Amino acid sequence: MRSSDATRVYFDRAADQLDLSSNMRQLLLTARREVQVQIPVELDSGELSTYIGYRVQHNNARGPMKGGLRYHPQVDLEEVRGLAALMTWKTAVVNIPYGGAKGGVAVDPSKLSHRELERLTRRFVDAIHELFGPDVDIPAPDMGTSAETMAWIMNQYGKYHGFSPACVTGKPVEYHGIPGREEATGRGVGSLTLKLLSRLGRRLPGTRIAIQGFGNVGTFTARFLHDAECRLVAVSDANGGFYRAEGLDVPELLRYAQSHSGRLEGFPGGESISNAELLAVECDVLIPAALGGVLTEKNAAGVRAPLIVEGANAPVTPEADAIFDAGGITVLPDILANAGGVTASWFEWVQNRQHYQWGINRVRQELDQILGEAFEQVWQLASSRKVSLRTAAYMLGVGRVGRATVLGGIM
Ligand code: NAD
């Protein structure tokens, strides 16, 4: 099942609980605008290669649309559509004044040189610069893109529209970004994992964690939970993973990945495991933090962790979600668990617009406060309505977007 179908299933469940009319459902499900553009790029060899880029602007009832930009071979309109809607509900769950959008280019960034990636990014901006901007739609990093990609976007956008650092977030700190943005998604995943463990009376030193994905989200989650005295028993990236029952040496893993272009292959401090084995590892918390759709009806029964925290977007299919629900496995959903990134992006946008800087302590403090409040609201709603944390999070998000839509008027 595609992420768009999964988001739809979760939306419908929340809409039933909220008793939304079919007309309102249709309005909330329909994207405002979807664009597909041609991106011709001259490769270093002098050859021409043409890529397809997408931007889906899902909903702006609560503010300018916000969402990442993904470079991955599997990107297509369906996937981007689902992820854009997910952003609308996510910004509403954490109650920041944004709507939702998402974009991407169907490309394997590891196959392009640095200069080719820069040319691709600038050509993509050439194609869509009239469609985004600080008050309209603000892109950010996602899989396959980085702070540097965002710097290219800001610079290229500025050639058309003048100095506009708030047109994109997740920029390098030295180029209108903010300290604390890069770590924010992982920090949020880590801090919400601790909140969930505390709520369930399971927060103990040595809590065993398994993380799939060791990119932006995975590394900062690992670092945060290691600092909180949890034990990282398994970790993986696209090429496979490593297991150590006594706990992997997280600082060593981080050093190893940094000196091997972000890859874990060949790490000497653990037993090699596959990505499939990682998902079934004996642990207390499983954190998928790579691709979507990795936990399905085929492998859900093999999961041995009692808690799953969705670092990635849409890692659990609705069929797997039902299996976890029936088996008493608690899932902290993506629209809450990984909302730290977009929340810190909002802080960056606010500071860019004010030409002012907060400092790391204020960023962390405000981030923890916003995520903590959202967690409490979702937890209370789930308890009072006797629904899963996912349905409660969607109820909160969809309900807020619905109310803003009615208050703004549709005439
Ligand atoms: P990233 O590109 O920095 O890292 C992705 C990691 O996943 C890498 O370690 C890669 O090797 C690994 N990976 C790729 N394919 C894999 C596979 N088939 N099996 C196992 N691992 C695989 O990406 P990221 O920014 O860390 O994003 C990860 C997930 O988190 C995505 O779903 C993204 O949408 C979501 N997310 C990211 C942010 C953010 O701020 N970066 C915010 C919210 C959600």
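Residues numbered from 1 in each chain as written. Predicted model: local features only at pLDDT ≥ 70, side-chain atom pairs only at ≥ 80, totals over all residues. Heavy atoms only, no water.

## So, the nonpolar core
Trp 89, Leu 232, Ile 287 and Leu 332 are the most contacted members of the largest nonpolar core, which totals 79 residues. Among the elements that line this core, the one with the most residues is helix α13 (residues 360-385), at nine residues. Both domains that meet at this core, namely domain 1 (30-165) and domain 2 (184-337), each give it at least three residues. In this structure, Leu 332 is in contact with Leu 192, Leu 196, Ile 308, Val 309, Glu 310, Ala 337, Phe 375 and Leu 389, ignoring residues within four places of it in sequence. Of all hydrophobic cores here, the second largest spans 23 residues; its members include Tyr 71, Trp 152, Tyr 157 and Val 168. (Core = buried A, V, L, I, M, F, W, Y, C linked by side-chain atoms within 4.5 Å. Buried < 20%, exposed > 50% of the residue type's maximum accessible area, 1.4 Å probe, protein only. Helix = DSSP H or I, 4+ residues; strand = E, 2+ residues; numbered from the N terminus. Domains from an automatic or database assignment. Contact = heavy atoms within 4.5 Å.)

## Here's the deal with the site of the ligand
The ligand sits among 22 residues. The nearest are Arg 70, Asp 142, Thr 185, Ala 290 and Asn 313. Between Phe 214 and the ligand, the recorded distance is 2.9 Å, taken from a backbone N or O atom to an oxygen atom. Against a free-state accessible area of 830 Å², the protein chains account for coverage of 82% of the ligand. Those elements that place two or more of their residues in the shell around the ligand are α6 (181-199) and α7 (216-227). Here the shell around the ligand is built from residues that sort into eight nonpolar, 10 polar and four charged. Split by domain, the shell around the ligand shows at least three residues from each of two domains, domain 1 (30-165) and domain 2 (184-337). (Near = heavy atom within 4 Å. Polar contact = N/O pair within 3.5 Å; in protein donor to acceptor, adjacent residues only side chain to side chain. Areas by Shrake-Rupley, 256 points an atom, 1.4 Å probe, with all protein chains shown as cover. Nonpolar A, V, L, I, M, F, W, Y, C, P; charged D, E, K, R; others polar.)

## Observations regarding unusual backbone geometry
One non-glycine residue with positive phi stands out, namely His 176, at about 70 degrees. On the secondary structure map, His 176 appears in the loop between α5 (147-161) and α6. Positive phi values are uncommon outside glycine, yet Lys 386 reaches one of about 55 degrees. Here Lys 386 lies in the loop between α13 and α14 (389-408). Taking the relative accessible area as the measure of exposure, Lys 386 reaches 73% and is therefore exposed.

## Considerations on the domain arrangement of the chain
Per the domain assignment, the segments of the chain are domain 1 (30-165) and domain 2 (184-337). Spacing between the C-alpha centres of domain 1 and domain 2 amounts to 27 Å. Summing both sides of the interface, domain 1 and domain 2 together bury roughly 720 Å²; the carbon and sulfur share of this comes to 66%. The largest contributions to the domain 1 side of the interface with domain 2 come from Leu 86, Lys 90 and Met 143, which together make up 51% of the buried area. Our count for the contact surface shared by domain 1 and domain 2 stands at zero salt bridges. Connecting domain 1 to domain 2 are one residue pair in polar contact (both at pLDDT 80 or more). For the side of domain 1 that touches domain 2, the secondary-structure elements that each account for two or more residues are β3 (65-72) and α3 (77-93). It is α3 that contributes the most residues to the side of domain 1 that touches domain 2, five residues altogether. Partitioned by chemical class, the residues of the side of domain 1 that touches domain 2 number five nonpolar, one polar and four charged. (Buried area = accessible area lost by both parts, 1.4 Å probe. Salt bridge = Lys/Arg side-chain N within 4 Å of Asp/Glu carboxyl O.)

## Observations regarding helix α2 (residues 22-29)
Within the sequence span of α2, burial applies to Met 24, Arg 25 and Leu 28. Down the axis of α2, the buried set is contained in an arc of 105 degrees. They therefore lie on one face. Turned more than 90 degrees away from the buried face of α2, the exposed residues are Ser 22, Asn 23 and Gln 26. (Arc of directions from axis to C-beta.)

## Considerations on the pairing of strand β8 (residues 240-243)
Sheet topology places strand β7 (residues 231-237) next to β8; four bridges connect them, and they run antiparallel. Residue pairing for β8: Val 235 is matched across the bridge by Phe 242. The antiparallel hairpin formed by β7 and β8 contains two residues in its connecting segment. With three bridges connecting them, β8 and strand β9 (residues 271-273) associate as antiparallel partners. Bridging from a neighbouring strand, Gly 241 pairs with Ile 273 of β9. (Pairing = 2+ DSSP bridges.)

## Overview of the packing of aromatic side chains
According to the stated counting rule, one finds nine aromatic pairs in the structure shown. Pairing Phe 242 with Phe 267 gives two aromatic rings, centres 5.7 Å apart and planes at 75 degrees, and the pair type is edge-to-face. Of this pair, Phe 242 sits in strand β8 while Phe 267 sits in the loop between α8 (250-259) and β9, and the two are 25 residues apart along the sequence. Phe 267 sits in the buried class, given a relative accessible area of 5%. When the ring of Trp 346 is compared with that of Phe 347, the centres are 5.8 Å apart and the planes differ by 40 degrees; the resulting orientation is tilted. Residue Phe 347 is classed as buried on the basis of its relative accessible area of 1%. Here the aromatic residues Phe 242, Tyr 256 and Phe 267 are joined through ring pairs into a cluster of three or more. The positively charged end of Arg 362 is found above the aromatic ring belonging to Trp 358, 4.0 Å away from the centroid. Seen from the ring of Tyr 10, Arg 390 lies directly overhead, with NZ or CZ sitting 4.2 Å from the centre. (Phe/Tyr/Trp six-rings, centres within 6.5 Å; stacked < 30°, edge-to-face > 60°. Lys NZ or Arg CZ within 6 Å of the ring centre and 35° of its normal.)

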